Amino acid sequence: MSDVIVLGGASAAPNPGQGYSGYLVRLGDARIVLDLGPGTLPELRRHTRLEQLDAIVISHLHVDHILDLVALWWGWLYHPVPLPKPIPLYLPPGGPERLRRILASFARKDEADRFFTEICAVTEYDPDQTRSIAGITIRFAPTVHFVPCWAIRLESSDGVVAYTADTGPSADLVPLACDADLLIAEAMLEPDLADDAPDRGSSTAAEAAQLAHNAGVKRLILTHRWAEDDAEVAPAEAARRFSGPTVLAERGLTVSW
């Protein structure tokens, strides 16, 4: 059995009772977290111990995708039960230096430095290269967003998960998502807010569903949604483009296969 647990599926503001972007992927015995936005760390702890994580992989450096790295750092800097070993953390290009500056703004330099020696083993990934972590093959593809951002594919004999991170519809993500057991797709925009600009950095539910259809995926999670949006509109829009099972991301939602 493999599954994905939603740690948070809110957009650029927290939803009531739900944090921002974060997903725990369990393929066989491997446990990999995709993004760790504000409010996702408490939910992560409900489902696994931190020392059981094989990796945290970050798609891009917007606040709503990384801020609980700060909570992880500060919490386990002084936690009564220290981590037995640093958690492997994979950051996009430029990420380690950016994160180092962020942490240094909150505490002494020695405390900030300890994130990189005691809390996480940090690697800056090359998005043009394939990686293997705990038997999982990881590939990246550039999205169309307001800062450099990469969609992520996790693949093993236990299944395939594709994650768009944040993207507009003009990104070429069909090869990355092809035949995935589950696609986690950003669907932030309501239809009346979408335009035809090729550099638009977010997608609608219909556009996420079109990607799912074109890539031949089996299941779809629509995420990065506002609580204020009508919960019936997005699934209805998606159903016109994609015939597979489709759900809205909610804290604690588990999709298994």
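Structural notes, computed from the coordinates. (Residues numbered from 1 in each chain as written. Predicted model: local features only at pLDDT ≥ 70, side-chain atom pairs only at ≥ 80, totals over all residues. Heavy atoms only, no water.)

## What about the packing of aromatic side chains?
- According to the stated counting rule, one finds six aromatic pairs in the structure shown.
- With a centroid separation of 5.2 Å and 75° between ring planes, the pair formed by Phe115 and Phe116 is classed as edge-to-face.
- Judged by relative accessible area, Phe115 falls into the buried class, the value being 0%.
- Phe116 gets classed as buried once you look at its relative accessible area, which sits at 17%.
- What links up through ring pairs into an aromatic cluster is the set Trp73, Trp74 and Tyr78.
- Directly above the ring of Phe116 sits Arg100, whose terminal nitrogen or CZ lies 3.9 Å from the centroid. (Phe/Tyr/Trp six-rings, centres within 6.5 Å; stacked < 30°, edge-to-face > 60°. Buried < 20%, exposed > 50% of the residue type's maximum accessible area, 1.4 Å probe, protein only. Lys NZ or Arg CZ within 6 Å of the ring centre and 35° of its normal.)

## What to know about the side chain of Ser203
- Assignment of secondary structure puts Ser203 in the loop between strand E11 (182-186) and helix H7 (205-215).
- The exposure class of Ser203 is buried, given its relative accessible area of 4%.
- Only 2.7 Å separates the side chain of Ser203 from the backbone oxygen of Thr167, close enough to count as a polar contact.
- Filtering out sequence-adjacent residues up to four positions away, Ser203 remains in contact with Thr167, Gly168, Pro169, Glu186, Ala187, Met188 and Leu189. (Helix = DSSP H or I, 4+ residues; strand = E, 2+ residues; numbered from the N terminus. Polar contact = N/O pair within 3.5 Å; in protein donor to acceptor, adjacent residues only side chain to side chain. Contact = heavy atoms within 4.5 Å.)

## Some points on the pattern of salt bridges
- If you walk through the whole model with that rule in mind, you get 16 salt bridges.
- Arg114 is the salt-bridge partner of Glu118, the closest N and O atoms lying 2.9 Å from each other. Placement of both Glu118 and Arg114 in helix H5 (residues 109-119) is noted, with a separation of four residues, approximately one turn of the helix.
- The class for Glu118 is partly exposed, based on a relative accessible area of 36%.
- The residue Asp229 makes a salt bridge to Arg225 at a minimum N-O spacing of 3.9 Å. Each member of the pair, Asp229 together with Arg225, is buried.
- Each of the salt bridges in this network shares a partner with another, and the network as a whole consists of Glu43, Arg46 and Arg251. (Salt bridge = Lys/Arg side-chain N within 4 Å of Asp/Glu carboxyl O.)

## Some thoughts on the sheet that holds strand E13 (residues 246-248)
- Spatially, the seven strands line up as an open sheet ordered E7-E8-E9-E10-E11-E12-E13, and their pairing is mixed. What marks the edges here is a single partner per strand, and that holds for strand E7 (131-133) and E13. Across the sheet, the axes of successive neighbouring strands diverge by a mean angle of 20°, strand direction being ignored.
- Taken together, the four bridges between E11 and strand E12 (residues 220-223) define a ladder with parallel strand orientation. Its bridge partner being in E12, Ile184 is matched across the sheet by Ile221. (Pairing = 2+ DSSP bridges. Axes fitted to C-alpha atoms, helices over the stretch in contact; angles between N-to-C directions.)

## Topic: helix H4 (residues 95-104)
- For H4, every residue scored as buried is listed here: Gly95, Pro96, Leu99 and Leu103. All buried residues of H4 project into a common sector of 95° when viewed along the axis, lining one side.
- Of the surrounding elements, those touching the buried residues of H4 are helix H3 (68-77), strand E5 (87-91), H5 and strand E6 (120-124). (Arc of directions from axis to C-beta.)

## Some remarks on the nonpolar core
- Formed by 31 residues in total, the largest nonpolar core has its most connected members in Leu44, Leu50, Ile56, Leu72, Leu89 and Phe115.
- Put simply, the parts of the chain that give this core at least two residues each are strand E1 (3-8), strand E3 (30-36), helix H1 (41-47), H3, E5, H4 and H5.
- Considering every element that reaches this core, the biggest residue donor is H3, with six residues.
- In contact with Leu72, other than residues within four places in its own chain, are Leu41, Leu50, Ile56, Ile87, Ile119 and Cys120.
- With 28 residues, the next largest nonpolar core counts Leu27, Val57, Ile136 and Leu154 among its residues. (Core = buried A, V, L, I, M, F, W, Y, C linked by side-chain atoms within 4.5 Å.)

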